[in-house]
Amino acid sequence: DAGVTQSPTHLIKTRGQQVTLRCSPKSGHDTVSWYQQALGQGPQFIFQYYEEEERQRGNFPDRFSGHQFPNYSSELNVNALLLGDSALYLCASSRRGSNYGYTFGSGTRLTVV
Amino acid sequence: KNQVEQSPQSLIILEGKNCTLQCNYTVSPFSNLRWYKQDTGRGPVSLTIMTFSENTKSNGRYTATLDADTKQSSLHITASQLSDSASYICVVSAPGDAGNMLTFGGGTRLMVKP
């Protein structure tokens, strides 16, 4: 049973570029949440997707957008990249209505130069 | 504002020793509290999860406690190993209209030395 899969594992982009990160949730999970984790910090909530719609959003600018597909996989898009966007981006999947079972992927390490 | 505070921020111990990490939270309403282990550059891996009615939960050499009255939790690591070197993150979950919301602590960075 595959866990949460994220791709790519590492990425280097230039300031001003756009990036797309991908996440496949754990089998049986229908909700995907995205987090940004700066070095030495705890993860910060970006947004959550369920039934192909953004359901909750953290304190992130509109440059951060996402999408969820019918198969529950999700994408995180970041436009006009800034140096400060360099971080580990984590995807977590869960099943709506379940109190348990947040499973994290291994993350995508984004470096903006 | 929902907050999770962890202490200490970092800790160095010798292999074989025990240690205890602390977590205080102000999240309300409360759904559950989780401890995660995160190796550098990797995603968090769940160690324990406790609901309001659970006081203690163990997972091998890891034992978590929860005092829902004082809103405090601890993670005790017994007979530490070099592989225990990682960040340990306390995460508190609150129910929300759109599903549970997670509030993360800043983590405790543990280094186990031989």
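Structural data are supplied above this passage.
Everything in this summary refers to the structure shown in the same document. (Residues numbered from 1 in each chain as written. Chains lettered and ligands numbered in written order. Predicted model: local features only at pLDDT ≥ 70, side-chain atom pairs only at ≥ 80, totals over all residues. Heavy atoms only, no water.)

Turning next to the overall build of chain A. The secondary structure content of chain A amounts to 0 helices and 11 strands. When the helices and strands of chain A are read in sequence order from the N terminus, they spell out β-β-β-β-β-β-β-β-β-β-β. The C-alpha radius of gyration computed for chain A amounts to 13 Å, which stays within 12% of the reference 13 Å derived for 113 residues, consistent with globular compactness. Across its three principal axes, chain A shows a C-alpha extent of roughly 40 × 25 × 25 Å. Within chain A, the fraction of its 113 residues that count as buried is 47%. Long-range pairs, those at least 24 residues apart, make up 53% of the contacts in chain A with a sequence separation of at least 6. Accessible surface for chain A amounts to roughly 5,400 Å². Of this, 46% is attributable to carbon and sulfur atoms. (Helix = DSSP H or I, 4+ residues; strand = E, 2+ residues; numbered from the N terminus. Rg over C-alpha atoms; globule rule 2.2 N^0.38 Å. Buried < 20%, exposed > 50% of the residue type's maximum accessible area, 1.4 Å probe, protein only. Contact = heavy atoms within 4.5 Å. Areas by Shrake-Rupley, 256 points an atom, 1.4 Å probe, with all protein chains shown as cover.)

As enumerated under the stated definition, the model contains 9 aromatic pairs over all chains in all. Look at Tyr35 of chain A and Phe104 of chain A: their rings are 5.8 Å apart centre to centre, the planes differ by 50 degrees, and that puts the pair in the tilted class. Of this pair, Tyr35 of chain A sits in strand β4 (residues 31-37) while Phe104 of chain A is found in strand β10 (residues 103-104), placing the two residues 69 residues apart along the sequence. What makes Phe104 of chain A buried here is its relative accessible area of 9%. With a centroid separation of 5.0 Å and an interplanar angle of 70 degrees, the aromatic rings of Tyr35 of chain A and Phe104 of chain B are classed as edge-to-face. Remark: Phe104 of chain B occurs in strand β10 (residues 101-104) and Tyr35 of chain A occurs in strand β4; the pair is interchain, linking two chains. Ring pairs connect the aromatic residues Tyr35, Phe45 and Phe104 of chain A together with Tyr36 and Phe104 of chain B, which therefore count as one cluster. Lying across the ring of Tyr50 of chain A, Arg96 of chain A places its NZ or CZ 4.1 Å from the centre. A cation sits over an aromatic face here: Arg61 of chain B above Tyr62 of chain B, 5.7 Å from the ring centre. (Phe/Tyr/Trp six-rings, centres within 6.5 Å; stacked < 30°, edge-to-face > 60°. Lys NZ or Arg CZ within 6 Å of the ring centre and 35° of its normal.)

With that settled, consider the sheet that holds strand β3 (residues 19-24) of chain A. All names here are of chain A. An order of β1-β3-β8-β7 is seen for the 4 strands of this open sheet, with the pairing classed as antiparallel. Strand pairing shows two members of the sheet lacking a second neighbour, β1 (5-7) and β7 (64-68), which therefore form its edges. Here the average twist between neighbouring strands, direction ignored, is 20 degrees. Relative to β3, β1 is paired through 3 bridges, and the arrangement is antiparallel. Opposite Gln6, over in β3, you have Cys23 as the bridge partner. (Pairing = 2+ DSSP bridges. Axes fitted to C-alpha atoms, helices over the stretch in contact; angles between N-to-C directions.)

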